[in-house]
Amino acid sequence: MIENLLQEHFPNLYGSELKSKLLENAQLASFKKGDVLLRKGQYIKLLPLVIQGTVKVVREGFEGNEILIYYIKSGESCALSFSAYMNDKKSNVKAICDQDSKLILIPSRLIKDWIRLYPSWQQFALQLYDLRFAELLHTVEDIAFKKMDERLLSYLKDKLRLQNTNTLKITHQQIATDLATSREVITRLLKQLAQKGMISLSRNEIKIIGFV
């Protein structure tokens, strides 16, 4: 089963000289929405390759508040986990399953040797760094230059794309946490969108009507 999943979601790795090592060391695991995969301050023991679902990576502040950094989608992994392990540092982010998810887990002790021995793994890591850097710039630009109503629309559009649905099962507090604002602000902005006919609201659910 792992062989088929790797071939489908990570064809560049599967079709490389690394294939036998991946099959020898990979383990498949399932997680529920809300499961915490990694906490701030932990050492990286396993590197996740996302097969199904999405993983949310957030940065925690000193007072326990959080802000969304990026999502890890199917066919991707976590560049910050690569970086933390390569530099023998503890994680400075938290990773949470944003949906029910299936992951292939690779022991992190293999990362350094694989980067040195296998060009396909090195290329995979470099592509992840490039992707995540672009997403981090996007996050910084949103915070620096966009108003909260614009950030909320962008957030909802990302959720629609990731979950491939027009109905989001999410609380106002969850959105507020991801966007580092208050629940009251999010509730007010969502009500404005509802008044414009762009969404409809029910308990812990948002249905998208008028934008893509």
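Above this text you will find the structure in question.
Cut-offs used in this document
- Residues numbered from 1 in each chain as written.
- Predicted model: local features only at pLDDT ≥ 70, side-chain atom pairs only at ≥ 80, totals over all residues.
- Heavy atoms only, no water.
- Helix = DSSP H or I, 4+ residues; strand = E, 2+ residues; numbered from the N terminus.
- Buried < 20%, exposed > 50% of the residue type's maximum accessible area, 1.4 Å probe, protein only.
- Contact = heavy atoms within 4.5 Å.
- Axes fitted to C-alpha atoms, helices over the stretch in contact; angles between N-to-C directions.
- Parallel < 35°, antiparallel > 145°, perpendicular 65-115°, else oblique.
- Left-handed = near helix turned anticlockwise from the far one by under 90°.
- Nonpolar A, V, L, I, M, F, W, Y, C, P; charged D, E, K, R; others polar.
- Core = buried A, V, L, I, M, F, W, Y, C linked by side-chain atoms within 4.5 Å.
- Pairing = 2+ DSSP bridges.
- Expected span 1.5 Å × (residues − 1).

Some words on the side chain of Ser-154
Here comes step 1: As for its position among the elements, Ser-154 is in helix H7 (residues 148–163).
Here comes step 2: On the accessibility criterion, Ser-154 (14% relative accessible area) is buried.
Here comes step 3: Once residues lying within four places of it in the same chain are set aside, the contact partners of Ser-154 are His-138, Asp-142 and Lys-146.

Re the packing of helix H6 (residues 119–145) against H7
Packed helices, taken two at a time, are described by the angle their axes make and the gap between the axes.
Here comes step 1: Axis separation between H6 and H7 bottoms out at 8 Å; the angle between their running directions is 150°. As summarised for this structure, H6 and H7 are arranged roughly antiparallel, according to the angle between their axes. Both H6 and H7 take part in a crossing whose hand is left-handed. The residues of H7 that touch H6, namely those facing His-138, Asp-142, Ile-143 and Phe-145, are Glu-150, Arg-151 and Ser-154.
Here comes step 2: In terms of residue class, the contact of H6 with H7 is made up of 2 nonpolar, 2 polar and 3 charged.

Some thoughts on the environment of Tyr-85
Here comes step 1: Following the sequence through the fold, Tyr-85 ends up in helix H4 (residues 79–86).
Here comes step 2: For the pair Tyr-85 and Thr-54, spaced 31 residues apart in sequence, the C-alpha separation works out to 22 Å.
Here comes step 3: Apart from the residues lying within four places of it in its own chain, the contact partners of Tyr-85 are Ile-44, Ser-108, Arg-109, Ile-111 and Lys-112.

Focus: the nonpolar core
Proteins that are soluble and globular tend to have nonpolar side chains buried together.
Here comes step 1: In terms of nonpolar packing, the biggest core is built from 25 residues, with Phe-82, Ile-104, Ile-106 and Trp-121 touching the most fellow members.
Here comes step 2: Those elements giving two or more residues to this core turn out to be helix H1 (2–9), helix H2 (11–14), strand S3 (46–52), H4, strand S7 (101–107), helix H5 (111–117) and H6.
Here comes step 3: In terms of residues, this core owes the most to one element, H6, which gives 4 residues.
Here comes step 4: Ignoring sequence-local partners within four residues, the contact set of Ile-106 consists of Leu-22, Ala-26, Lys-45, Leu-46, Leu-47, Leu-49 and Trp-114.
Here comes step 5: Listed in part, the 23 residues of the second largest apolar core include Ile-96, Ile-175, Ile-199 and Ile-208.

Concerning the sheet that holds strand S1 (residues 27–31)
Here comes step 1: Across the sheet, which stays open at both edges, the 3 strands sit in the order S1-S7-S3 with antiparallel pairing between neighbours. At either margin of the open sheet sits one strand with a lone partner, and together these are S1 and S3. In this sheet, neighbouring strand axes are inclined to one another by 35° on average, regardless of whether the strands run parallel or antiparallel.
Here comes step 2: As paired elements, S1 and S7 share 5 bridges and run antiparallel to each other. Its bridge partner lying in S7, Phe-31 is registered against Ser-101.

Digging into H6
Here comes step 1: The end-to-end C-alpha distance of H6 is 39 Å, a good match for the 39 Å that 27 residues give at a rise of 1.5 Å each.
Here comes step 2: Inspection of H6 places Ser-120, Trp-121, Phe-124, Ala-125, Leu-128, Arg-132, Glu-135, Thr-139 and Asp-142 among the buried residues, and these make up the whole buried set.

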